[in-house]
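Here's the letter readout for the chains.
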Amino acid sequence: MNVTEEKITLTKVASHHLTWLKRFTLHEHQLAFTSMAMPAYEKCMRDPNRLPVAILEGVRTVGFFVLDQGDDVFSYTTRPNAILLRAYSINLPDQGRGIAKASLRQLKPFVEKHWPDCREVVLGVNEDNLSAKKVYLEAGFIDTSEQKMGRSGPQAILKFLI
């Protein structure tokens, strides 16, 4: 059953999301391309430049990602008012229902609310992760035609203008 876009919202991770983050699952092959939610959340707790974001369907948490304002962003762009999207994933039982695309459409208003000076969201997507790249492009990200080496091979650098 596909999701209706109005039911998908983004919010800062709060303590009541932690139970879900601990139960988060992914396909084994997806682990080459992204992090599990809980370890990525724990990095956020140690780094004030990282904001953990929960993807909600109604009141149920169905996905997770991190927005990072730290120096890593500059390995993807030279723009000073940019933010890095990382560790994006949808919980395995909720994949294939349009949640990713719907949540990425919420990215612009979420970023505008929390970082009014931000002009660009950037990310690296592994060249072998064709399904993820397709979702990002369909949601409005632009392929910069640049690459960087990631932990599992070359990554295409994508940007989303705010």
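Calculation notes
- Residues numbered from 1 in each chain as written.
- Predicted model: local features only at pLDDT ≥ 70, side-chain atom pairs only at ≥ 80, totals over all residues.
- Heavy atoms only, no water.
- Phe/Tyr/Trp six-rings, centres within 6.5 Å; stacked < 30°, edge-to-face > 60°.
- Buried < 20%, exposed > 50% of the residue type's maximum accessible area, 1.4 Å probe, protein only.
- Helix = DSSP H or I, 4+ residues; strand = E, 2+ residues; numbered from the N terminus.
- Core = buried A, V, L, I, M, F, W, Y, C linked by side-chain atoms within 4.5 Å.
- Contact = heavy atoms within 4.5 Å.

*Asks:* For this particular structure, what's the right way to read the packing of aromatic side chains?
*Replies:* Both the distance between ring centres and the angle between the ring planes are used here to describe each pair of aromatic rings. What the rule picks out here adds up to 5 aromatic pairs. Judged by centre distance (4.8 Å) and plane angle (80 degrees), the ring pair of W20 and F24 falls under edge-to-face. Just as W20 is buried, F24 falls in that class too. Their ring planes at 70 degrees and their centres at 5.5 Å tell us that Y136 and F141 sit as a pair that is edge-to-face. Of the residues examined, Y136 reaches a relative accessible area of 9% and is grouped as buried. Among the aromatic side chains, those forming a connected cluster through ring pairs are F65, Y88, Y136, F141 and F160.

*Asks:* Even after reading the chapter, I still don't get unusual backbone geometry, so can you show me in this structure?
*Replies:* One non-glycine residue, A87, adopts positive backbone phi at about 55 degrees. If you trace the backbone, A87 turns up in strand 4 (residues 82-90). A positive phi angle, near 65 degrees, is found at S145, a position not held by glycine. With respect to the helices and strands, the residue S145 is situated in strand 6 (residues 142-150).

*Asks:* Even after reading the chapter, I still don't get the nonpolar core, so can you show me in this structure?
*Replies:* Side chains of nonpolar character tend, in soluble globular proteins, to be buried together. In terms of nonpolar packing, the biggest core is built from 32 residues, with L67, L85, Y136 and F141 touching the most fellow members. Beyond its immediate chain neighbours, meaning those up to four positions away, F141 contacts L85, L104, L107, V121, L123, Y136, L158, K159 and F160. L21, F24, A37 and L56 belong to the second-largest nonpolar core, a separate cluster that totals 15 residues.

*Asks:* For this particular structure, what's the right way to read the environment of L26?
*Replies:* Looking at the secondary structure, you find L26 in the loop between helix 1 (18-23) and helix 2 (37-46). We classify L26 as buried; its relative accessible area is 11%. In sequence terms L26 and S152 are 126 residues apart; their C-alpha atoms lie 17 Å from each other. Setting aside residues no more than four positions away along its own chain, L26 makes contact with L31, T34, S35, M36, S89, I90, L92 and Q95.

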